[in-house]
Amino acid sequence: MNGQVTGPDPSGQSGPGGQPDRHEESGRHEHADRHEQAHPHEQADGQEQARRQEQAHPVASGSAVEVGFLGLGVMGFPMALNLARAGTPLTVWNRTAARAEPLRAAGAHVAATPAEVFRRCGVVLLMLADEQAVDEVLGEVLGGSPASVRGRVVVHMGTTAPGWSRDLEARVRAAGGTYVECPVSGSRVPAEAGALVAMLAGPPDAVEQVRPLLAPMCRESFVCGTAAPSGLLMKLAVNLFLITMVTGLTEAFHFADRHGLDRERFLAVVDAGPMASGVSRMKAPKLRDRDFSVQAAALDVLKNNRLIAEAARDAALASPLLDVCHALFAETVGLGLADADMVAVLHALEARTDALTDDALTDAAADRALPRAGAPSGRSV
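Conventions adopted
- Residues numbered from 1 in each chain as written.
- Predicted model: local features only at pLDDT ≥ 70, side-chain atom pairs only at ≥ 80, totals over all residues.
- Heavy atoms only, no water.
- Salt bridge = Lys/Arg side-chain N within 4 Å of Asp/Glu carboxyl O.
- Helix = DSSP H or I, 4+ residues; strand = E, 2+ residues; numbered from the N terminus.
- Buried < 20%, exposed > 50% of the residue type's maximum accessible area, 1.4 Å probe, protein only.
- Expected span 1.5 Å × (residues − 1).
- Contact = heavy atoms within 4.5 Å.
- Polar contact = N/O pair within 3.5 Å; in protein donor to acceptor, adjacent residues only side chain to side chain.

Peer 1: Help me out: how do you make sense of the pattern of salt bridges in this one?
Peer 2: Between side chains of opposite charge, a pair can form when the charged atoms approach closely. Going through the model one piece at a time under the given rule, you end up with 18 salt bridges. One salt bridge in this structure joins Glu-350 and Arg-290, with 2.9 Å as the shortest N-O distance. With a gap of 60 residues between them, Glu-350 in helix α16 (residues 345-369) and Arg-290 in the loop between α13 (278-289) and α14 (298-314) connect regions that are remote in the sequence. In this structure, Arg-352 and Glu-331 form a salt bridge, with 2.7 Å as the shortest nitrogen-oxygen distance. Residue Arg-352 is located in helix α16, and its partner Glu-331 is located in helix α15 (residues 320-334); the two are separated by 21 residues in the primary sequence. For Arg-352, a relative accessible area of 38% corresponds to the partly exposed category. The partly exposed category is assigned to Glu-331, whose relative accessible area is 30%. Connected through salt bridges with shared partners, the residues Arg-95, Glu-136 and Glu-140 form a single ionic network.

Peer 1: In this structure, what is going on with α14? I would like to understand it.
Peer 2: Quick reminder: α-helices carry 3.6 residues per turn. Residues three or four places apart thus point the same way. Along its 17 residues, α14 runs 24 Å from first to last C-alpha, staying within 8% of the 24 Å computed at 1.5 Å per residue. Considered for burial, the residues of α14 that qualify are Ala-298, Val-301, Leu-302, Lys-303, Asn-304, Asn-305, Leu-307, Ile-308, Ala-309 and Ala-312. Contacts from the buried residues of α14 go to α7 (131-144), α11 (230-258) and α15. Ala-316 sits one or two residues past α14 and shows a positive phi near 60 degrees.

Peer 1: I'm lost on the environment of Asp-135 in this one. Help?
Peer 2: Topologically, Asp-135 is positioned in helix α7. As a C-alpha pair, Asp-135 and Leu-168 span 33 residues in sequence and 8.8 Å in three-dimensional space. Excluding its chain neighbours within four sequence positions, the residues that come into contact with Asp-135 are Trp-164 and Arg-171. In terms of polar contacts, Asp-135 uses its side chain to reach the side chain of Arg-171, at 2.9 Å.

Read these as layout, nothing more, since geometry by itself doesn't imply function.
So this is what it looks like as structure tokens:
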């Protein structure tokens, strides 16, 4: 069993782009005559009762709980698309509505508001940009329809400050919901391939409910604790390794390049040795080709670097390698490369080298202008 949630039984109308809305279509023809003959007041009372039942009990398709997904950015879009393609009963929302249209074509329901997602779904996955984005979206739900969170499992999949996640857990629990942390390791390419790695933290029963839903998006999942922020702290530890590793590979490439070594041969040697990894094999061709199209954006790396540094300071930990990387990625963003891939840190390294070269030329010129020891001074004695 792969743990995937199966959708409703297919009919002649189902399939990408042709699947009717499960909730609007369900029972429409079977009960049409009875609804047409009902008194208007009875219809209104029935609709209100149905609305209340839907709010108290998440909508299900067959025996599968409907899954909600908020946030269709660089990571969220392929993750949600993999869920839809796997047949997961899915409702999605994105602030830029056009981003959701391919999900509609893949069979997902597109909600008009975040509150609608919570009304329809028993499990709601959040893949939003940052703390502010989550606060804005959940603020709309908790402020306008707090009862819609009751009984739901809210799964936070983004990367945020651990302390903020702990506060979010308290807010969700106060509204009657259950909170699970589930940050993922991987960038756009693993997200598209369904090969992310998930790090879960939350009540064991909720974690076991969420874990099978991850199968279309993640090749592995690990339980890291029973409460926030264990999942996010694990993610930050993994990201520390990722940031320093990619920065090291980029600096090594720069070293080989400026020494006139064959770049292709250098990368082949790295790939044949014990340092080779999935990350090096993904980033090496980008360095070789100076391809800075985004997989993991430099600005996001800088944000993650800051989160790790803050967590390190909170625990009175030294992070010397991370601090150097922070300076380099700040310089990369400062060069106008915020939306470029993280290997664009190469530009910051090249800028530092060029500055050193300029300084060396200036120093050499100054040295040539000084009289050498033992040379005639030009004065008579």
